[in-house]
Amino acid sequence: ALLGETRVEVAFLQMAQPGLAAAADRGAAAGARTGVIVPFFLFPGAHVRDDIPHELEQLRLRHPGVTFCLGQVLGGHPKLAQAAAERAREALAGGGLT
């Protein structure tokens, strides 16, 4: 909803499906010409430095008509700290897990 009419596909690197290739296949089949990967990681570790760029190269070969780009990890974004603070306030008010 935050992206309006933009199609969003969820993908995983491991231990869950769909993988990046399956999500890219669905997007390309629906006519997408741009694919943006937003890594839901706190820090740019091995997945972000190595695994995702490798997957991106494979996606570019698999879908030459689609432009793929990689967004930044979530960790350094100020809104992530705001969300964590909100969760802490909720827990202090009795809304947390016990």
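Residues numbered from 1 in each chain as written. Predicted model: local features only at pLDDT ≥ 70, side-chain atom pairs only at ≥ 80, totals over all residues. Heavy atoms only, no water.

Would you mind showing me how to read unusual backbone geometry here?
Excluding glycine, most residues fall at negative phi; most peptide bonds, likewise, are trans. Q17 connects to P18 through a cis peptide bond whose omega is 10°. Positive phi, normally seen in glycine, also occurs at M15, with a value near 65°. Among the structural elements, M15 can be located in the segment before helix 1 (20-29). (Helix = DSSP H or I, 4+ residues; strand = E, 2+ residues; numbered from the N terminus.)

How should I be thinking about the environment of A24 in this particular structure?
One can find A24 in helix 1. Sequence separation between A24 and V10 is 14 residues, and the spatial gap between their C-alpha atoms is 9.7 Å. With residues up to four places along the chain from it excluded, the contact list for A24 reads L59, H63 and F68. (Contact = heavy atoms within 4.5 Å.)

Just to check I follow, could you spell out the pattern of salt bridges for this structure?
Opposite charge on two side chains permits them to pair, given that their charged atoms come into close proximity. Enumeration over the complete set of coordinates arrives at five salt bridges. Between E9 and R7 there is a salt bridge, and its shortest N-O distance comes to 2.7 Å. Of the residues examined, E9 reaches a relative accessible area of 27% and is grouped as partly exposed. The partner of E57 in a salt bridge is R60, and the shortest N-O contact between them spans 2.8 Å. Of this pair, E57 and R60 are both found in helix 2 (residues 46-62), three residues apart, which corresponds to roughly one turn of the helix. (Salt bridge = Lys/Arg side-chain N within 4 Å of Asp/Glu carboxyl O. Buried < 20%, exposed > 50% of the residue type's maximum accessible area, 1.4 Å probe, protein only.)

In short, shape yes, function no, at least from these values alone.
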